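Commentary on secondary and tertiary structure
As a plain string of letters, each chain reads:
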Amino acid sequence: MKGLVFKKVANQFWVKVEKDTFICVARGNLKANGIFVGDEVEINTEGDLPIIEKYYERKNIFIRPPLTNLDALVITLAQIPAPDYMIVDKLILFSLCYGVEPIIVVNKIDIDAGICEYVKKVYSKVVKNIIFTNAKTGEGVEVLKNAIKGKLCAFAGQSAVGKSALVNSILKEHASKVGELSIKNEKGKNTTRHCEIFFEDGCYITDTAGFTSLDEKLLPIAYYELPYYYPDYVKIMEGCKYKSCVHVGESQTDCAIKRAVLSGELDKDRYLRYKEIYKVLNEKWVRTHG
């Protein structure tokens, strides 16, 4: 039978097969590669203890948090605390590098609508879905719910932006359990080891931490590939004089991205953050390739 691993504790795996749940162990030859939450697996239930026989091809895999086959990352921000757009840019970048759909959610829209206009202006050509919510009143929650239905997703972003409140407003049946785990995560307990999928009304949400402090040095790309993971840059950079232009050291005359930043077509601050990420990737390349 084919099922989905939705929880792991020590060497036991909780596998959902349609409406049934089986607590399984993994066959010995699978232990070297590991089984992750999010894995689609084949299980054998003929013996005394259900056994995972194999896992199917993965679309992506993350070690911290220990998760695989993620479909969407809900990048959450708010006016309070002050938005850290470097975190937003990194999370979008990691999403695109690993074949994950980035979704931006601006929460607490009752505090200040100005952030909504800024996010729309800067990121409308970067991500497909930008959603505005108020977890307290429920505004926008149904829109968010529809955007993630049928997708395995995780929430990420700064502390205190309302990630837990949004998750709880979607996963009402599991609210108390998700809340307990979120408190542990906020206090730094169990933050990268626990990972579990909660199912409700067609939504599949992982309650986990670990995505906020992603290190760009772990990106599976070289420094010269970085521009291609900026959807708002790809079309514009066709106007660069050189195909190898990375939009950092080149002159404004030769670089279409620099000209777009100067004209206001591209956001200057996002470009400056791009340069910081580029610098880290370039330094990594120099260290590893000499």
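Scope of this entry: the structure provided in the associated data block. What you see is a predicted model; the values in this text were computed from it and never measured.

1. Here's the deal with the packing of helix α1 (residues 85–97) against helix α2 (residues 114–123)
In contact at an axis separation of 14 Å, α1 and α2 are set at 40° when each is read in the N-to-C sense. Comparing their axes, α2 and α1 come out oblique. α1 and α2 meet at a crossing whose hand is right-handed. The residues of α2 that touch α1, namely those facing Y85, V88, D89 and I92, are I115, Y118, V119 and Y123.

2. Some details on the nonpolar core
Within the largest apolar cluster, 33 residues are counted, with the highest numbers of intra-cluster contacts made by I104, V119 and Y123. Among the elements of the structure, β1 (2–9), β8 (72–78), α1, β9 (101–107), α2, β11 (152–157) and β12 (197–200) are those that each provide at least two residues to this core. In this structure Y123 touches Y85, V88, D89, I92, I104, I130, R270 and R273, once residues within four positions along its chain are discounted. Counting 26 residues, the second-largest nonpolar core is a separate cluster that includes I221, I236, M237 and C245.

3. A word on the packing of aromatic side chains
Tallying each qualifying case throughout the model produces 15 aromatic pairs. When the centroid spacing of 5.3 Å and the interplanar angle of 85° are considered together, the rings of F199 and Y204 count as edge-to-face. Consider the rings of Y271 and Y274, whose centres lie 6.2 Å apart with planes at 20°: the pair is stacked. Residue Y271 and its partner Y274 are both found in helix α8 (residues 268–289); the two are separated by 3 residues, about one turn of the helix. Each member of the pair Y271 and Y274 is classed as buried. Here the aromatic residues Y223, Y224, Y230, Y233, Y271, Y274, Y278 and W285 are joined through ring pairs into a cluster of three or more. Here the guanidinium or amino end of K7 rests over the ring plane of W14, the centre of that ring lying 4.8 Å away. Lying over the aromatic face of F199, K16 brings its terminal NZ or CZ to 5.1 Å of the ring centre.

Definitions and limits used
- Residues numbered from 1 in each chain as written.
- Predicted model: local features only at pLDDT ≥ 70, side-chain atom pairs only at ≥ 80, totals over all residues.
- Heavy atoms only, no water.
- Axes fitted to C-alpha atoms, helices over the stretch in contact; angles between N-to-C directions.
- Helix = DSSP H or I, 4+ residues; strand = E, 2+ residues; numbered from the N terminus.
- Parallel < 35°, antiparallel > 145°, perpendicular 65-115°, else oblique.
- Left-handed = near helix turned anticlockwise from the far one by under 90°.
- Contact = heavy atoms within 4.5 Å.
- Core = buried A, V, L, I, M, F, W, Y, C linked by side-chain atoms within 4.5 Å.
- Buried < 20%, exposed > 50% of the residue type's maximum accessible area, 1.4 Å probe, protein only.
- Phe/Tyr/Trp six-rings, centres within 6.5 Å; stacked < 30°, edge-to-face > 60°.
- Lys NZ or Arg CZ within 6 Å of the ring centre and 35° of its normal.

Everything listed is a geometric property; what it means functionally is a separate question.
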